[in-house]
Amino acid sequence: MATIDIEQTRNQAKALLNSRIDSVTELVKTRQRITDLREQLAEAEREDKRAYVRATKDGWSPEELKKLGLESGAAGRRRKAANRATGDSAAATTEDESHGAQ
């Protein structure tokens, strides 16, 4: 039977573990980057809201800002969510009606 070199085996095992540690380290870094970017986005959205309010206080009407492509960020998100919900319920209603007709 061949002699097993403990040091060589330990070094090989460490190399395998190091590659696994490297991949999980990279995963942690990317997750942290996502968290950081989400925080930056939240801050940018707060700044956008403050700037929109300042513009309206300076005399710009929501209609004027909308014509300039500067609709309120919160209003745009609410409308899109409402459209999705309305579209989903309309599709469900149509589907229910088609099943009822059978």
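As shown above, the structure is provided for reference.
Residues numbered from 1 in each chain as written. Predicted model: local features only at pLDDT ≥ 70, side-chain atom pairs only at ≥ 80, totals over all residues. Heavy atoms only, no water.

(A) Main features of the overall build of the chain. Looking only at helices and strands, the chain has three helices and zero strands in total. Each helix (α) and strand (β) of the chain, taken in turn from the N terminus, gives the series α-α-α. Counting every position in the chain, which comprises 102 residues, the buried fraction comes to 6%. In the form shown here, the chain has an accessible surface area of approximately 9,100 Å², with 55% of it arising from carbon and sulfur atoms. (Helix = DSSP H or I, 4+ residues; strand = E, 2+ residues; numbered from the N terminus. Buried < 20%, exposed > 50% of the residue type's maximum accessible area, 1.4 Å probe, protein only. Areas by Shrake-Rupley, 256 points an atom, 1.4 Å probe, with all protein chains shown as cover.)

(B) Inspection of the pattern of salt bridges at higher detail. With the rule as written, the count across this model stands at two salt bridges. Across the pair R46 and E43 runs a salt bridge, and its minimum N-O distance is 2.7 Å. Of this pair, R46 and E43 both sit in helix α1 (residues 6–57), three residues apart, which is roughly one turn of the helix. Salt-bridge contacts for R50 lead to E43; the nearest nitrogen and oxygen are separated by 3.3 Å. Each member of the salt-bridge network shares a partner with another, and the members are E43, R46 and R50. (Salt bridge = Lys/Arg side-chain N within 4 Å of Asp/Glu carboxyl O.)

(C) Just a nonpolar patch on the surface, in detail. A grouping of L17, I21, V24, L27 and V28 is seen on the molecular surface, where their side chains present a nonpolar patch of about 420 Å² in accessible area. Note that L27 resides in helix α1. (Patch = residues over 30% accessible without salt bridge, like charges linked within 9 Å, V, L, I, M, F, W, Y side chains within 5 Å.)

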